[in-house]
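# Architecture at a glance
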Amino acid sequence: MQDSLYKRISYKYGSGIVEKQYRQMFKEKNNEINAQRNIPLILVCCIISTIQFFLVLYDVFDITQQDRMTALTVYSVFTEVFLVLLGWGIIQRYKGYAGRIQASVFNALCLFTVWALSFFITISLYPSMESMAFYIMAQFVFAMFFLLPASISIHNCLCALMAYIVYIFYIDGINNQTISASVYAGICFVVAWIGSRMMYNVRAKWFMTNVNEAEYEQMSLTDSLLSIPNRRKFDVSLQLAWSYCSREKKPLSLVMIDLDYFKLYNDKFGHSEGDKCLKMVARTLQKSIRRESDVLARVGGEELAFLLPLTDGKDALALMERARSSVEKLKIKHPITPIGSVTISIGIASITPGMDKIIASTQALYEAADSAMYEAKRLGKNRVCKFSECQYDTRCIGR
């Protein structure tokens, strides 16, 4: 069944540029940008409302006493409402617009109050067709610079236009002048709506450009086979973890992991099976991640690195022994190994950055963990060794 004209217009001039899986994210981002733009708008409206209050108070406008009292009451209410909205908007911006609902409600209230203020100024102080220029301009500006979704912008423009037409027909009746004014207003709103759609699409394209750039960057930092961070991402994470642990005087452990006899595994079963084996081992090791700061990365062909900030040597040793045992329990067939299945050798280096004279840099930490891993291989593989004070722990866990 073909979509309605309304849905097709909404799609073409609304969310069509943004891919379906990102539309909710774009809606939240768009709401946030509009909320930021609404803060200065509300400030301007608050100033206008205050000025109008004093102009009415000091009899600048030639209106009746009853209209004057009504205007004073309404403008005082508008000023208070704008002050509340302004305070709310500033607080929300300071907090980073926590939640899409808050930004949406704030934008809706801003839209309604701006529409109401512009309409009230027109009908209360300038009861003539010429005065509606202010009203038209207010709605035109709002449509052009506060980029709303297609459906909301259509409703806003139509409601504003209908209110204008009904009012001028009410005060002056149906004649050539009021019909011409209605046509003029309609043209203004159509131009404003088309302009807002063009600007909305520019924002949508900008959003998708940022999304694509972020995806490309993420792809450049992720190993395509194992879907875990690659060496480039690992180097960045290691430097950040080093800086943090050095500043906070916290422990940092780096683990190097290598699959035993993996080249022989590839020779016997083929690279396709080798890739499957690597994936199974990586998935098993990922289950050892306890914190968001823990990073498992692929740093070589069959070499993996485990970065464990806030983890001392004792905890890292126990954690990696469980990981080694978990890989062994996978029972991935490998006849060439002593136990007939795939195993791993693990080397650990643990320090508190800035407080160790032996390991004084990220490169030294990497080399220490790598050396510990090769010591585990030298001692028979399928074990965990820990680097300590230029010597290897005599106690290596494993077979």
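Above this text you will find the structure in question.
The rules behind these values
- Residues numbered from 1 in each chain as written.
- Predicted model: local features only at pLDDT ≥ 70, side-chain atom pairs only at ≥ 80, totals over all residues.
- Heavy atoms only, no water.
- Core = buried A, V, L, I, M, F, W, Y, C linked by side-chain atoms within 4.5 Å.
- Buried < 20%, exposed > 50% of the residue type's maximum accessible area, 1.4 Å probe, protein only.
- Helix = DSSP H or I, 4+ residues; strand = E, 2+ residues; numbered from the N terminus.
- Contact = heavy atoms within 4.5 Å.
- Salt bridge = Lys/Arg side-chain N within 4 Å of Asp/Glu carboxyl O.
- Pairing = 2+ DSSP bridges.

Most often, soluble globular proteins keep nonpolar side chains buried together rather than apart. Grouped together as the largest cluster of nonpolar side chains are 28 residues, with contacts concentrated most on Ile-257, Val-281, Leu-285 and Met-320. Counting residues per element, the ones that place at least two in this core are strand E1 (252-259), helix H9 (262-269), helix H10 (271-286), strand E3 (303-309), helix H11 (313-329) and strand E4 (344-351). Sorting elements by how many residues they give to this core places H11 first, with 6 residues. Apart from the residues lying within four places of it in its own chain, the contact partners of Leu-285 are Ile-257, Leu-296, Leu-304, Phe-306, Ala-323, Val-327 and Ile-344. If you look at the next biggest cluster of nonpolar residues, it comprises 24 residues, including Leu-238, Trp-242, Leu-307 and Ala-349.

Two side chains bearing opposite charge may form a pair once their charged atoms approach each other closely. Tallied over the full model, the rule gives 10 salt bridges. Among the salt bridges present, the one from Glu-273 reaches Lys-276, with a minimum N-O distance of 3.5 Å. One end of the pair is Glu-273 and the other is Lys-276, both in helix H10 and 3 residues apart, which spans about a single turn. A relative accessible area of 47% places Lys-276 in the partly exposed class.

Another point: unusual backbone geometry. Positive phi outside glycine occurs at Lys-381, with the angle close to 70°. Topologically, Lys-381 is positioned in the loop between helix H12 (362-378) and strand E5 (383-388). Even without being glycine, Asn-382 reaches a positive phi, approximately 50°. Following the sequence through the fold, Asn-382 ends up in the loop between H12 and E5.

This paragraph deals with the pairing of strand E2 (residues 295-298). Residues Val-295 and Ala-297 point to one face of E2 and Leu-296 and Arg-298 to the other, with burial holding for every one of them. Pairing of E2 with E3, which is carried by 4 bridges, proceeds in the antiparallel orientation. Within the sheet, the bridge partner assigned to Val-295 lies in E3 and is Leu-307. Between E2 and E3, which pair antiparallel in sequence order, lie 4 residues.

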